Each structure stands twice: as structure tokens, then as C-alpha cells.
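Residues per chain are reported as follows:
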Amino acid sequence: MFGQNGTIEGTVTDITGEAVIGANLFVRSTELIGTSTDENGHYKLSLQPGVYKLICRADGMITDSVEIKIIDGVVIEQVFELKEVGSTNIEVVEIKVGKFDKPLENQTVSMEVLKPRMIESKNTRSIETALDQTPGLNILDGEPQIRGGSGFTFGVGSKVAVLVDDMPMLSGDAGRPEWGFIPVENISQVEIIKGAASVLSGSSALSGSVNIRTAYPSDKPLTKVILYGGMYSKPSEGEKWYSGTPAIAGVNFLHSRKQNQWDLVVGGNFNYDHGYIGPPRTDSLVWEDTITNFNNKQMSSKRARVNFQISRRSKNIKGLLYGINGNGMIAQSAMIFAWLNDTSGLYNAYPGAVFLQEQLIFNLDPFVVYSAKNGSKHSLRTRIFRTVNEMSANQNNQSTVLYGDYQYKKSLKRIFPVDLIFGITAQHTHSYSNIYAGSGDPTNTLMNLSSYAQVEKKILKKLNISAGGRLEYFQLNANTSAFKPIFRAGANYQLHTATFVRGSFGQGYRFPTITERFIKTGVGNLGVFPNPDLKPETSWNAEIGIKQGFKLGPVMSFFDVAGFWQEYQNTIEYMFGIWEPLTTPQALASSAGFMFLNTGNSRVQGIDVSMAGQVKVGHKGDVTFLAGYNYILPTTLSPDFLYATDSLNREFTYNTTSLDPSRKILKYRFLHNVKADFEYMYNKRFALGFSAKYFSKIINMDAIIKDFEQLTYDMDEIQNIRYMDYFESHRFGNWVWDARISYKLKKYHQFAIIGTNILNRSYSLRPLKIEQPRTIMLQYTFNLGNS
């Protein structure tokens, strides 16, 4: 039946004999060869002849392993009996993470891990809504921010690397994460590193990284379909701008299977969103808006995305795996930058500050992985990543990214035993857009070459040390280049059975994107201006932390606390000014607007506390939870540094541009941030959960926002933009609550009701942008397969 292969099969149970559903079994040398248990706890895995170490792990259980010898045509039976964490004493949950596939508690950096249970239970249509529940990570208007490492730049020039299976997912020209493009239907876990992570994650990981790992097929096929539908509630403030039902509807689907030597995954998402922000309006005396005079229907968004993964295990060459992954999406949406006003127009867009966008995005990723008999692993992963954005007001842009990464991984045994990773990466971006003609040409190219290495060593089974470095080279067009070495080091020491102390130091480096340097455009009353002399920004991060596992009666948990200190040099921020002489009101967009600037040096200090675990409730119930608190003190180190002078001869320093410079607090930061998620499950069928997020008030922002409001007030022909009254009357923090309830009917069917912002709070997290009101969704899941 299997030709030259042998088979290992059996069951995975807990100590009571109950089947463990969804346990992962994989070969130690590579997680690409593995399977999962079905609803009966059964598994089957086909392997070529040889000796393997088979790992068995499941959430909340102690990982087990066994060495097996596979023989041609022979079926081996292996039963795993897993103990729950804390069933006899405090043990460690082995969640494998990172490049070295090491347990979470052995990591030398602060890291959070999200599992599929939370992602699916929140009806995640786009991955950033689940990520925003992570302690220490905020998604602000699409932009990821870790520990206050950035203000807001409309998502351009992300200081957090976003990867899928270690492949970068930021757009080539703008460095923007395309969240809706990421396949949420097939995620095995999400790893969030907090702190500079450029050595292994690349240039954009100035303040951290997000790595989304997709799931691989098991021997039993899996088919999953999720249907959902719901609506927005009427806002608690501002005017209702729509008629009819503000509906949200869509479907996620996934099919994965093994077929002889082949692995196949096909998934996708189709989504419709009415939207909660309406089209612009203008007052009677204001010039007619002929650019953004959109109707209600045009403010909705639609998305269709399909992805696939195809791989083959070679019959003739043991350890050889090759294949191709792909993803494609077409989407229509409205990009909204500012509200109409701070009273009745909270949920309408400002004239000239909204664009309609039609997107075509796809990537193709051929790869080859070879796991040799001596334990070494070679991988070559390549990508073509194409983005085409057709936008209103002639804001079209397109880019093509060619990417390749060769990586060598081996556990060295002789002389000085260490685990080693070494790699070489190349990326070339070709961008074309008239809005990037600030370089002198609408065509721009950016090349990045880098090499990296890291070693880890375990000493006396207690101390884990790591050190690594990266060399970065950038070439922008033909006249700008940069070379930068960066380093990191860390250590983790196991003081007791479940007590781990860690410390680390890491450097970060980020080269400005094509958009940040060269964007030049003006629509409506606002413009964006180029800065070809923008410098790269760098950072370093130091932290010390402790992770403590404990069991108190039915409670099994890990408590983690870290103190961190991060400094940034040549900090890049998005600043508003009058950059060209203002001659007439009609020329406002050619004079006033935003520019990316190096604003000097800054520092972020703080404390990061998180706790995750499980509470047994009776014989059939359990509560899982993830909660955290993040305190930051973000300050400027150069308050009098002169970094720009605008056309009115106003000098730009931190002190002159800040609304409140008294405490030297950086702009647009939340000093206090709380995240919590709890879910009670009974008999693996009924579940009730809720989430909470808290954002403290913004202490400081750009003073020019107040000046620009006065400017539009003084000019009768221009629509008055208002924010300051709202800012002064909302100087308090915001609690946002979500809730969900679900019931699993027999094996294959689950029904759920999911609510976000259930108190229908009207709140704003950045100037001139209101967050979404309450949504209520109905979800149906059909699951035929192994999980």
C-alpha cells in the first residue's frame, strides 16, 4: 500500500484513557513531516525506512517522545499517554517556538503565543483583530505597535516585522502589512517577539516581530467551512449616515490532506463589509467636492482570497521535500484618513481624506527543504510577491518583490556542541507609481542583501545561551546605499522546575521605504511631501524577565514579568506642516500636509506582565485565559533637536511641535495598556468567553493639529475640520469589551454568537479617527476531519 514506506500508527490519550483530539505528532528533524490525531485520538504516519525521534505534544499536556525504527512495509503501533500539566507537580508545557524549535519557557526573549482556539472563537476575518488581544501589542489603524515603539503613520513603514512561515509579508514599496491577505483559516500558532528582532526577522523588526505559522496536513483529510453573518449597531454618538442594514457576511474554508507522497492544502475567504464610516459631506459655503463625492455603497469593502500549499516528499531521496505555496486576493475597500468633524460627523469621512481602492495581490513561493542523515537541514525558500493598487484620484501604485532565503540549520556535536542557524537573504523591490515621483522618477527600486547567523547552547541542562548577528546592505535606486551590522545575545536559566530567568540584548535596524522617502501627492485639503534625505533608524533593546509556572489547586498557569529598556536613533515620525508657500485656499493640498522626518533620539522604558493558563472546573469544565498589563514611559532624548523648518519659517523640534512637551512624552502613545481573554468550556461542547482591552489616554500629540483646525476655520471655502473639542472632552482611558458563546452539536457542527465592543462605546485611539461600534455576528462551523 505504501510502497517503500513503513507506517506508525496508534492513539494518544490522557491518563484517564480519554482520547486527546488534535495532538500533534512530528519527526524531530523537521515539523514538515507530521500528523494530528482525529476525534478518536487516532493517528497514522507514513515514513521512509530509517530511525526517527517522534514527538507528541498537545496544548496543556506534557510533551512525550519516542525513538522508532521504520522498516519497509511494516506497521508499528505506538500509544502515547500524556499527562496534564500539574497533574502530579508543576511541569512545563512544551510549546515549540522560534527558529530552533525550542520550548517557550527556554526562550531568551519575551514572546507570546496565540493558538487557533482563540483565533477561531473570535470569528477572526482578518488576523489583526486576534493579534490586538496580545499583551504588549496594539494594532492601531492597521499598524502594529509593540511596547510603544512607534506612534502612527497610517501603517506605512512598519517597525514590526510580519512573517508567514518565516517569509516577510510587508508590501515592498510602503512596508505595510496586508492583514486581510493572511490565511487565518489555516493557522497552527502565532509567535509575537517583543523587542528588537532584526537579527533573525529582518530589517523591519525594529521593535519586534509577528510570525504566523500555518498548519500542515495530517493523514486523515480535514475539511472545514465557517459561515458568518451579522451587522453593526447604530453608533452611540454622531449621526447615522446609512439606510438599510449595515451587514457583514462571509465564509472561510479549508481542505487539507496527505495523498501518498503529496501534501495538499487549499483555503480561502470571501468577505463583505458594509463599513461603519460613511462618505464625505460638505457645508453649503464650501467648494464642491468633485474628487471624493462618493456614495454609501462605495464605502463598503469586498474581499475574495484563495491560497494553496502543495508539497511532495521524495521517494528516492530520503529527507527531501519540495513544493510551492501560493495566495491570491482581489479586494475593494475605502481608505479613510480623517473624520468629517468631532460631533455629528464622527462616522463620516472628511472631503479629500478618503480613497477608493481596488487591490490585486498574489504571491508564489517555490521551496526546497532537505534534512540530511547527519541531522543538518538545508532550506531554500523563494517568492514573487505582486501588489497592484488601483486608487481614486490617480493614486495608483504597483510593486513586485522578488525574495530568496537560503538557510542552514544543524546541531553540532563535536568540539563545542551548539545549535547553529546560518542564512543568506536577498530581496529586490520594483515599484512604479506617479505618487513616488519625489525621487525624480515614478520608477524606483530597492535591493536588500543580508546574511545572518545565530547559535544556541544548553549548558548543564539549566542554562540556555544564544548569540547572533546580521549584516544588512541596501541599495535604493542607483545613488543611495547603506551597510549595517547588528548583533544580539541572550541567556535563560532554569532556577527551579518551573522557574526561568532570562536576559537579552538586541539591536534593530530599519531602512526607510520607498513611500517614506518619495511619496508626493495632494488631494482635497491635505498633501504628503517627499523627503529623499530620510535616514535609516536604529534601535537597541535590553530586558530582564522571569517566567514562573505554578499550580494552586485547579489553577495551572505561567506568570511572566519583564522590565525593558529600548532606545531609538534617528526616529522616523509622520509630521504635519506647511511645507510649500500657501498662496491661495485652492492650493492648500499643495502646501500643507505630512512628511516623514527623522525627529532625533528617543527612549522607551517599561514593564510587561502577562499570565496564561488553565483552571479546571469540576470534571468536565475548564477555563483558559491570557491576560497582560503593559506600562511604558516613552520619552524624547533630544527635545531641542531642530529637524525641519517649514515654509513659514517655523522651526520643528519636539518642544515646538508638541501639544504638551512638559513631561517629554512621545506623541500618540498609551502609557497603560491592559489585555485579557477568558473562556469557559464545558464537556468540550459549550463555551462562553469574553475579552477586555484598556487604552489609557494619549498624553501628547502634534500641536499643528490645533493650528490646522484654526486654519480651516478661518477659510470659509474649506470644510472646517474639528478635533480639539473632542480631544479635551475625552481625556480619559477606554475599556472595550467583547463576548462570545458557542455550542458544538455532535462531531461536526458548531454554532456561535460573537459580539465586539458589546457596550457600543464610541471612542478614538488616534486623532481624527473613530473606532468601530458594536458588531453582533452569528457563526456556523462545519468541521469534518482531525480537529
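Residues numbered from 1 in each chain as written. Predicted model: local features only at pLDDT ≥ 70, side-chain atom pairs only at ≥ 80, totals over all residues. Heavy atoms only, no water.

**A few points about the overall build of the chain**
Then, in step 1: Within the chain, the secondary structure is distributed over seven helices and 45 strands.
Then, in step 2: In terms of C-alpha radius of gyration, the chain reaches 26 Å, essentially the compact-globule figure of 28 Å for 787 residues.
Then, in step 3: In terms of overall dimensions, the chain has a C-alpha envelope of 85 × 60 × 45 Å along the principal axes.
Then, in step 4: Looking at the chain as a whole, 58% of its 787 residues qualify as buried.
Then, in step 5: If you take every contact in the chain between residues at least 6 apart in sequence, the share linking residues at least 24 apart comes to 67%.
Then, in step 6: Of the roughly 31300 Å² of accessible surface on the chain, a fraction of 58% belongs to carbon and sulfur atoms.
Then, in step 7: Taken as two groups, the 80 positive and 72 negative side-chain charges of the chain have centres that lie 8 Å from each other. (Helix = DSSP H or I, 4+ residues; strand = E, 2+ residues; numbered from the N terminus. Rg over C-alpha atoms; globule rule 2.2 N^0.38 Å. Buried < 20%, exposed > 50% of the residue type's maximum accessible area, 1.4 Å probe, protein only. Contact = heavy atoms within 4.5 Å. Areas by Shrake-Rupley, 256 points an atom, 1.4 Å probe, with all protein chains shown as cover. Lys, Arg positive; Asp, Glu negative; His and termini not counted. Charge placed at Lys NZ, Arg CZ, Asp CG, Glu CD.)

**Focus on the pattern of salt bridges**
Then, in step 1: For the structure on display, the rule yields 34 salt bridges.
Then, in step 2: A salt bridge links D608 to K194; the shortest N-O distance between them is 2.9 Å. A residue pair is termed long-range when its members are at least 10 positions apart, and D608 in strand β37 (residues 602-617) and K194 in strand β16 (residues 187-194) qualify at 414 residues.
Then, in step 3: For D608, a relative accessible area of 2% gives the class buried.
Then, in step 4: The partner of K547 in a salt bridge is D560, and the shortest N-O contact between them spans 3.2 Å. Separated by 13 residues along the polypeptide, K547 in strand β33 (residues 537-552) and D560 in strand β34 (residues 555-569) bring together distant segments of the chain. (Salt bridge = Lys/Arg side-chain N within 4 Å of Asp/Glu carboxyl O.)

**Brief notes about the pairing of strand β45 (residues 775-784)**
Then, in step 1: The side-chain alternation of β45 yields one buried face, formed by T775, M777, Q779, T781 and N783, and one unburied face, formed by I776, L778, Y780, F782 and L784.
Then, in step 2: Pairing geometry for strand β18 (residues 222-232) and β45, over 10 bridges, is antiparallel. Bridge pairing in β45 links G229 to L778.
Then, in step 3: Sheet topology note: the strand β44 (residues 749-756)/β45 ladder contains eight bridges and is antiparallel. Looking at the pairing, G755 lines up with I776 of β45. (Pairing = 2+ DSSP bridges.)

**Some details on the sheet that holds strand β11 (residues 110-114)**
Then, in step 1: Strand order in the open sheet formed by five strands is β11-β16-β17-β14-β15, with mixed pairing between adjacent strands. Only two strands of the sheet have a single neighbouring strand rather than two, namely β11 and β15 (167-168).

**Side note on helix α6 (residues 704-714)**
Then, in step 1: When we look at burial in α6, the residues that qualify are I704, I705, F708, E709 and T712. The buried residues of α6 occupy one face: seen down the axis, they fall within an arc of 145°. Exposed and facing more than 90 degrees away from the buried side of α6 are Y713 and D714.
Then, in step 2: Buried-residue contacts for α6 involve β32 (526-529), β35 (572-578), β36 (592-598) and α7 (724-729). (Arc of directions from axis to C-beta.)

**Thoughts on the packing of aromatic side chains**
Then, in step 1: Applying the stated criterion across every chain, the model contains 27 aromatic pairs.
Then, in step 2: Relative to Y347, the ring of Y276 has its centre 6.3 Å away and its plane inclined at 70°; by these criteria the two rings are edge-to-face. Placement of the pair is Y276 in the loop between β20 (262-273) and β21 (301-313) and Y347 in the loop between β22 (320-336) and β23 (354-371), with a sequence separation of 71 residues.
Then, in step 3: Measuring from ring centre to ring centre gives 5.1 Å for F751 and Y780, while their planes differ by 40°; the resulting arrangement is tilted. Here F751, found in strand β44, pairs with Y780, found in strand β45; they are 29 residues apart in sequence, far enough to count as distant.
Then, in step 4: Judged by relative accessible area, F751 falls into the partly exposed class, the value being 42%. (Phe/Tyr/Trp six-rings, centres within 6.5 Å; stacked < 30°, edge-to-face > 60°.)

**Comments concerning the nonpolar core**
Where a protein is soluble and globular, its nonpolar side chains tend to be buried together.
Then, in step 1: Ranked by size, the top nonpolar core spans 73 residues in total, and within it Y723 and I770 carry the most contacts.
Then, in step 2: No other element matches β35, which puts four residues into this core.
Then, in step 3: Core analysis: the second largest hydrophobic core is formed by 29 residues, W179, I182, I212 and I361 among them. (Core = buried A, V, L, I, M, F, W, Y, C linked by side-chain atoms within 4.5 Å.)

**Observations regarding a nonpolar patch on the surface**
Then, in step 1: Together, L688, I741, I753, I776 and L778 line one region of the surface with nonpolar side chains, adding up to about 420 Å² of accessible area.
Then, in step 2: For I753, the position within the fold is in strand β44. (Patch = residues over 30% accessible without salt bridge, like charges linked within 9 Å, V, L, I, M, F, W, Y side chains within 5 Å.)

**A look at the pairing of strand β14 (residues 160-164)**
Consecutive side chains along a regular strand alternate between the two faces of the sheet.
Then, in step 1: Burial runs high along β14: five of the five residues are buried.
Then, in step 2: Where burial is concerned, the two faces of β14 agree: the one with V160, V162 and V164 and the one with A161 and L163 are both buried.
Then, in step 3: When β14 meets strand β17 (residues 208-214), the two strands line up parallel, connected through five bridges. Bridged to L163 within β17 is N211.
Then, in step 4: The hairpin formed by β14 and β15 contains two residues between the paired strands, and D165 there has a positive phi angle of roughly 55°.

**Describing the side chain of T636**
Then, in step 1: By the element assignment, T636 lies in strand β38 (residues 621-636).
Then, in step 2: Residue class for T636 comes out buried when judged on its relative accessible area of 7%.
Then, in step 3: A polar contact of 3.1 Å, which involves the side chain of T636, links it to the backbone nitrogen of S638.
Then, in step 4: Ignoring anything within four residues of it in the chain, the contact list for T636 reads N601, S602, Y654, K664 and L666. (Polar contact = N/O pair within 3.5 Å; in protein donor to acceptor, adjacent residues only side chain to side chain.)

**A look at the confidence of the model for the chain**
Then, in step 1: Scored by pLDDT, the chain comes out at a mean of 89, with 94% of its residues at no less than 70.
Then, in step 2: Below pLDDT 50 for its whole length, residues 86-94 participates in 25 contacts with residues either more than four positions away or in separate chains. (pLDDT = per-residue confidence, 0-100.)

**Here's the deal with unusual backbone geometry**
Then, in step 1: In the Ramachandran plot, R147 falls in the positive-phi region, its phi being about 50° despite a non-glycine side chain.
Then, in step 2: Here R147 is to be found in the loop between β13 (143-146) and β14.
Then, in step 3: Of note, K664 is a non-glycine position whose phi angle comes to about 60°, a positive value.
Then, in step 4: Structurally, the position occupied by K664 is in the loop between α5 (654-657) and β41 (672-682).

**Some remarks on the environment of H730**
Then, in step 1: Checked against the element boundaries, H730 lands in the loop between α7 and β43 (734-745).
Then, in step 2: A distance of 3.0 Å separates polar atoms of two side chains, one belonging to H730 and the other to S729.

**Considering the environment of Y574**
Then, in step 1: Mapping Y574 onto the fold places it in strand β35.
Then, in step 2: For Y574, a relative accessible area of 11% translates into the label buried.
Then, in step 3: When the C-alpha atoms of Y574 and L745 are compared, they prove to be 51 Å apart, with 171 residues separating the residues in sequence.

**Focus on the environment of A739**
Then, in step 1: As for its position among the elements, A739 is in strand β43.
Then, in step 2: By relative accessible area, which is 27% here, A739 ends up partly exposed.
Then, in step 3: Distance in space between the C-alpha atoms of A739 and Y694 is 15 Å, their sequence separation being 45 residues.
Then, in step 4: Contacts of A739, omitting those with residues within four sequence positions, involve G689, F690, I753, I754, G755 and I758.

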